[in-house]
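# Commentary on secondary and tertiary structure
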Amino acid sequence: MQYFLFIMLIALTILFIFEMRRSLKRSKKTVELINKYWNDKKNPRLIEEIFNFVENDRRLSSITKKYNADKNDFAALYEKLLIWGDFRKYNRFIPITSFFYAGALEYLLSHKNDDAKSLTQRMMNFFHI
């Protein structure tokens, strides 16, 4: 019984380390993109960088596959979020940060035909802004 508990403790520790690494990598990327494109919000490379990160993340890529999302969907959602969410609060910028969290991304892709104001308000609530 002790060996089983010890193995479980090691497994949970490893899982914790991997998830913390993923979280820090995501935070670093969002801050990098916000700083890089703050003065050039209409740059098409921004959407490419967001989409590439999402496709390389195991959790986020499963959501894009579920909704068959492509770069055009991301670009349309980004433009909608930019209409009402074109402001920065600390290291959060709704049009960029929303794509990096599983709950926010799932909501965006499942409601991609909603109006810009309701999507932005929902994302602001998601991030407690």
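Below is a short write-up of the structure. What you see is a predicted model, and the numbers here were worked out from it, not measured in a lab.

### Observations regarding the layout of surface pockets
- Estimated volume of the largest pocket: approximately 190 Å³.
- As for the largest pocket, its lining consists of F18, R21, R22, K25, F53, N56, D57 and R58.
- At the level of secondary structure, the elements contributing two or more residues to the lining of the largest pocket comprise α1 (2-37) and α2 (44-56).
- Per-element accounting of the lining of the largest pocket gives the leading share, four residues, to α1.
- Broken down by class, the residue content of the lining of the largest pocket amounts to two nonpolar, one polar and five charged.

### What about α2?
- The end-to-end C-alpha distance of α2, which contains 13 residues, comes to 19 Å, matching closely the 18 Å that a straight helix rising 1.5 Å per residue would cover.
- Residues L46, I47, E49, I50, F51, F53 and V54 constitute the buried set of α2.
- Near the N-terminus of α2, the side chain that reaches the backbone nitrogen of R45, with its oxygen 3.0 Å away, is that of N43.

### Description of the pattern of salt bridges
- Following the criterion strictly, the structure yields nine salt bridges and no others.
- Of the charged contacts, one joins D57 and R22 as a salt bridge, the two residues approaching to 3.1 Å between their closest N and O atoms. Here R22 lies in helix α1 and D57 lies in the loop between α2 and α3 (58-66), a separation of 35 residues in the sequence. Each member of the pair, D57 as well as R22, carries the same accessibility label: buried.
- Between K36 and E49 there is a salt bridge whose closest N-O contact spans 3.0 Å.

### Examining the side chain of T30
- Note on placement: T30 falls in helix α1.
- Under the relative-accessibility criterion, T30 is labelled buried at 4%.
- Polar contacts involving the side chain of T30 include one to the main-chain carbonyl oxygen of S27, which spans 2.8 Å.

### Brief notes about the nonpolar core
- I50, F74, Y78, I96, F99, F100 and L105 are the most contacted members of the largest nonpolar core, which totals 31 residues.
- For this core, the element with the most residues is α2, which contributes six residues.
- Not counting residues up to four positions away in its chain, the partners in contact with Y78 are K41, L46, I47, F93, P95, I96 and F99.

Cut-off values and rules
- Residues numbered from 1 in each chain as written.
- Predicted model: local features only at pLDDT ≥ 70, side-chain atom pairs only at ≥ 80, totals over all residues.
- Heavy atoms only, no water.
- 1 Å grid on protein atoms, 1.4 Å probe; cavity = no way out; pocket = protein on both sides within 12 Å on 5 of 7 lines; lining within 4 Å.
- Points joined across faces, edges and corners; volume = space filled by probe spheres on them.
- Helix = DSSP H or I, 4+ residues; strand = E, 2+ residues; numbered from the N terminus.
- Nonpolar A, V, L, I, M, F, W, Y, C, P; charged D, E, K, R; others polar.
- Expected span 1.5 Å × (residues − 1).
- Buried < 20%, exposed > 50% of the residue type's maximum accessible area, 1.4 Å probe, protein only.
- Polar contact = N/O pair within 3.5 Å; in protein donor to acceptor, adjacent residues only side chain to side chain.
- Salt bridge = Lys/Arg side-chain N within 4 Å of Asp/Glu carboxyl O.
- Core = buried A, V, L, I, M, F, W, Y, C linked by side-chain atoms within 4.5 Å.
- Contact = heavy atoms within 4.5 Å.

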